[in-house]
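Read off the chains here:
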Amino acid sequence: MNMLRSISRLLLVLLLTLGVSCSPGKRITKANVDEVEEGMSKKQVESILGRPSSSPSEDLGIMKKTTYVYRQGDDTVTVVFKDDKVADKQSTLSE
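The structure presented is a predicted model; accordingly, all values stated were derived computationally and were not measured.

*Asks:* Would you explain the overall build of the protein chain in this entry?
*Replies:* From N to C terminus, the protein chain includes 3 helices and 4 strands. Each helix and strand of the protein chain, ordered N terminal to C terminal, gives the series α-α-α-β-β-β-β. Buried positions account for 25% of the 95 residues belonging to the protein chain. A separation threshold of at least 6 residues defines the contact pool for the protein chain, and within that pool the share at least 24 residues apart is 32%. For the protein chain, the accessible surface area stands at approximately 7,100 Å², while carbon and sulfur atoms represent 55% of it.

*Asks:* Teacher, can you tell me more about the environment of Gly50 here?
*Replies:* You can see Gly50 is positioned in the loop between helix H3 (42–49) and strand E1 (57–59). Judged by its relative accessible area of 10%, Gly50 is buried. A C-alpha to C-alpha distance of 8.9 Å links Gly50 and Tyr70, two positions 20 residues apart in sequence.

*Asks:* Even after reading the chapter, I still don't get the nonpolar core, so can you show me in this structure?
*Replies:* One finds Val36, Val45, Leu49, Tyr70 and Val79 to be the most contacted residues of the largest nonpolar core, which totals 14 residues. Secondary-structure elements contributing two or more residues to this core are H3, strand E2 (64–72) and strand E3 (75–82). With residues up to four places along the chain from it excluded, the contact list for Val36 reads Val45, Ile48, Leu49, Val79, Val86 and Lys89.

*Asks:* Teacher, can you tell me more about the sheet that holds E3 here?
*Replies:* Whenever strands of a sheet pair, they do so through backbone hydrogen bonds, lying parallel or antiparallel. With antiparallel pairing, the 4 strands of this open sheet are ordered in space as E1-E2-E3-E4. In the strand order of this sheet, the two ends are held by E1 and strand E4 (85–91), each with one partner. When the angles between neighbouring strand axes are averaged without regard to direction, this sheet yields 15°. Relative to E4, E3 runs antiparallel, the two sharing 6 bridges. Residue Lys82 lies in a different strand from E4, and its bridge partner there is Lys85.

Calculation rules
Residues numbered from 1 in each chain as written. Predicted model: local features only at pLDDT ≥ 70, side-chain atom pairs only at ≥ 80, totals over all residues. Heavy atoms only, no water. Helix = DSSP H or I, 4+ residues; strand = E, 2+ residues; numbered from the N terminus. Buried < 20%, exposed > 50% of the residue type's maximum accessible area, 1.4 Å probe, protein only. Contact = heavy atoms within 4.5 Å. Areas by Shrake-Rupley, 256 points an atom, 1.4 Å probe, with all protein chains shown as cover. Core = buried A, V, L, I, M, F, W, Y, C linked by side-chain atoms within 4.5 Å. Pairing = 2+ DSSP bridges. Axes fitted to C-alpha atoms, helices over the stretch in contact; angles between N-to-C directions.

Here you go:
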């Protein structure tokens, strides 16, 4: 019985590890960066590009500024939100 419990725990750990390592992440491509348009919400951008690598925010009193930074290898995509709407984007991605 003890052996069966050990085997089932090992299988559970292997399945969890496999599930985490195989979960599909959003791949940043020029095509999906091109889908991001001025005026989009953070939620819309995340549905296209996924969660950002970092997202520093500044409250400037009259306006809130948030910058989403996506890093993939040597490439960086930056999306700037003003009052939670896309105001600017920059990318080092090539075709």
